[in-house]
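Commentary on secondary and tertiary structure
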Amino acid sequence: MIPLCIPKMKGNEWKYIKHCLDTNWVSSAGSYVNKFEEDFANFTQCTSAVVTMNGTAALELALRTLGIGVGDEVIVPSLTFISPINTIKYVGAEPVFVDVCRDTWVIDVEKIEEMITPRTKVILPVHIYGHPAEMNKIMEIAKKYNLYVIEDATESLGSLYNEKAVGTIGHIGCFSFNGNKLITTGAGGMLVTNDKKLGERAKYLSTQTKTILDNGAFYHEEIGYNFRMPNLLAAMGCAQLENIDEYIKIKRENAKVYNELLKNVKGVTLPVEKEEVRNVYWLYSILVEEDYPLTRDELIAKLKENGIESRPFFMPIHEMPSYKQCKCGDMKITNELAVKGINLPSSVELKKQDIESICSIISNY
Ligand SMILES: Cc1ncc(COP(=O)(O)O)c(C=O)c1O
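Residues numbered from 1 in each chain as written. Predicted model: local features only at pLDDT ≥ 70, side-chain atom pairs only at ≥ 80, totals over all residues. Heavy atoms only, no water.

Glancing now at the site of the ligand. In the region of the ligand, 15 residues are neighbours, and Thr56, Asp152, Glu155, Ser176 and Lys181 sit closest. Separating an oxygen atom of the ligand from a side-chain N or O atom of Thr56 is a distance of 2.5 Å. Burial of the ligand by the surrounding chains reaches 91%, relative to a free accessible area of 390 Å². Contributions of two or more residues to the shell around the ligand are made by helix H3 (55–65) and helix H4 (83–90). By residue number, the principal contributor to the shell around the ligand is H3, which donates three residues. (Near = heavy atom within 4 Å. Polar contact = N/O pair within 3.5 Å; in protein donor to acceptor, adjacent residues only side chain to side chain. Areas by Shrake-Rupley, 256 points an atom, 1.4 Å probe, with all protein chains shown as cover. Helix = DSSP H or I, 4+ residues; strand = E, 2+ residues; numbered from the N terminus.)

Moving on: the nonpolar core. Counting residues in hydrophobic clusters, the biggest one holds 98 residues, and the most contacted among them are Phe36 and Ile112. Ranked by residues supplied to this core, first place goes to H3 with six residues. No fewer than three residues from each of domain 1 (13–241) and domain 2 (244–363) sit in this core. Residue contacts for Ile112: discarding those within four places in its chain leaves Ile75, Val98, Ile107, Ile123, Ile138 and Ile141. Judged by nonpolar contacts, the second largest core, of 25 residues, contains Ile2, Leu262, Cys359 and Ile361. (Core = buried A, V, L, I, M, F, W, Y, C linked by side-chain atoms within 4.5 Å. Buried < 20%, exposed > 50% of the residue type's maximum accessible area, 1.4 Å probe, protein only. Domains from an automatic or database assignment. Contact = heavy atoms within 4.5 Å.)

When the parts of a complex come together, some accessible area is lost, and that lost area is often used as the size of the interface. Once the domains are mapped, the protein shows domain 1 (13–241) and domain 2 (244–363). Distance from the C-alpha centre of domain 1 to the C-alpha centre of domain 2: 25 Å. Contacts between the two partners involve 45 residues from domain 1, matched on the other side by 42 residues from domain 2. Surface buried jointly by domain 1 and domain 2 totals about 3,800 Å² across both partners, of which 63% is contributed by carbon and sulfur atoms. Contact with domain 2 buries area across many residues of domain 1, yet Arg102, Trp105 and Tyr129 alone supply 21% of it, more than any other trio. (Buried area = accessible area lost by both parts, 1.4 Å probe.)

Relative to the helices and strands, Val106 is located in the loop between strand E3 (94–98) and strand E4 (120–123). For Val106 and Val126, which are 20 residues apart along the polypeptide, the C-alpha to C-alpha distance reads 6.7 Å. Setting aside its immediate chain neighbours within four residues, Val106 contacts Val100, Cys101, Val126, His127, Ile128, His131, Pro132 and Ala133.

So, about helix H9 (residues 296–305). What H9 keeps buried is the set Arg296, Leu299, Ile300 and Leu303. Each buried residue of H9 sits inside an arc of 105° when the element is viewed along its axis, so together they form one side. A positive phi of about 75° marks Gly307, the residue just after H9. (Arc of directions from axis to C-beta.)

A few words now on the sheet that holds strand E7 (residues 164–165). Spatially, the three strands line up as an open sheet ordered E7-E6-E13, and their pairing is antiparallel. Of all strands in the sheet, those bounded by a partner on one side alone are E7 and strand E13 (277–278). (Pairing = 2+ DSSP bridges.)

Further remarks concern the pairing of E4. Bridge analysis of strand E2 (residues 73–77) against E4 gives three bridges, and the strand direction is parallel. By the bridge assignment, Ile75 is partnered in E4 with Ile123. Where E4 lies against strand E5 (residues 148–152), two bridges are found, and the strand directions are parallel. Residue pairing for E5: Val122 is matched across the bridge by Tyr148. On the question of chirality, the crossover connecting E4 to the parallel E5 by way of helix H5 (residues 135–145) is right-handed. (Right-handed = clockwise from strand over helix to strand, strands pointing away.)

All right, on to the packing of helix H8 (residues 244–262) against helix H11 (residues 352–363) then. Orientation of H8 relative to H11, taken along the N-to-C sense of each, is 30°, at an axis distance of 10 Å. The angle between H8 and H11 places the two elements in the roughly parallel class. Taken as a pair, H8 and H11 cross one another with a handedness that is right-handed. Here H8 contributes Asn254, Val257, Tyr258, Leu261 and Leu262 to the contact with H11, which in turn contributes Lys352, Ile355, Glu356, Ile358, Cys359 and Ile362. Tallied by class, residues from the contact of H8 with H11 come to eight nonpolar, one polar and two charged. (Axes fitted to C-alpha atoms, helices over the stretch in contact; angles between N-to-C directions. Parallel < 35°, antiparallel > 145°, perpendicular 65-115°, else oblique. Left-handed = near helix turned anticlockwise from the far one by under 90°. Nonpolar A, V, L, I, M, F, W, Y, C, P; charged D, E, K, R; others polar.)

Following both chains from N to C, one finds helix H2 (residues 31–44) and helix H7 (residues 231–241) inclined at 35°, their axes separated by 8 Å at the closest point. Crossing of H2 against H7: the hand is left-handed. For the pair formed by H2 and H7, the contact residues are Ser31, Tyr32, Val33, Lys35, Phe36, Asp39, Phe40 and Phe43 on the first element and Asn231, Ala234, Ala235, Gly237, Cys238 and Leu241 on the second. In terms of residue class, the contact of H2 with H7 is built from nine nonpolar, three polar and two charged.

On to the sheet that holds strand E15 (residues 311–312), then. In any sheet, the strands associate via hydrogen bonds between backbone groups, in a parallel or an antiparallel arrangement. Taken in spatial order, the four strands of this open sheet run E12-E14-E17-E15, and their pairing is antiparallel. Every other strand in the sheet has two partners, leaving strand E12 (268–269) and E15 as the edge strands with one partner each. Both strand E14 (residues 285–288) and strand E17 (residues 341–343) contribute to a ladder of three bridges, which runs antiparallel. By the bridge assignment, Leu287 is partnered in E17 with Gly341. Along the sheet, H9 contacts E14, E15 and E17; its crossing angle with E17, the most-contacted strand, is approximately 20°.

Written out as structure tokens, the structure is:
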């Protein structure tokens, strides 16, 4: 079986985790927690990074750090993993869905302004599958209407927009280190920001708003949360981060091979990389158009018969029972991509021969 996207352990993962076990620093205090935050801030070139137990927690923390709550509206795409949408509900706010672009598959900036109301507080672009949203325009709109921008960069660690790491352009950015992500801690997340005050507030909220008094007692000025990542997982994160540049290079090289082998296949639309962008191609994905001999789902079944795992694009969240009542613009492109898109195997370990056999199945129809 060629899997969709599995992690790679090639460095100091064992060594650093063993160090935690040997020294008994396994929980949420310990040197790797701070080191992972510092190394990540360094890698993404931002001023503050706060580790969390997963990407969903990072997104919830981002909303809470900005004080988003009941009565507020957050503008989001519907073509996404459900996590960012759920977190909007966790804090009591409402998602407002905007369509995506046909070529990049991320939020269509031309359709944002029409959905802004006096209740809108945040624009939350999701950089799906590796391609960044048009951040310049999003920041311009945010400035015009006095809104915050939270980037869901969970699927695009390693992607750049105008040379800047995604996640560091808005007020807050969020990452995930789930097992299928570019680097993994098993489960984990990170909140990043270039606003030191926001970074401090996020850390404070994520650690139970704990102030330690002179006598050692814990004092809590307000309601806090336990979003912390244990030292054991942060140790793994430090080791994974040491190899990230190589992983980015491999992902991009694999995408080039895919592009070359699929470029002349009728009925297949390839992923793009806009001029101002570096696409990490976290999940190399294609569209199966009407003039391809099989439907998208038939192709998924065919690949499976040949031992190849693939996955359809996200189903639109605005059609899920919990979100059907939410405000929603015209979702023509989202609905179209949801039935045409397919993610192909994209592990760092993927071999050239694997890509050749995947592409030969796709091109033999
Ligand atoms: C777009 C997106 N946002 C958020 C998340 C949530 O991350 P986690 O699974 O670490 O909670 C994921 C997936 O893992 C995702 O794909």
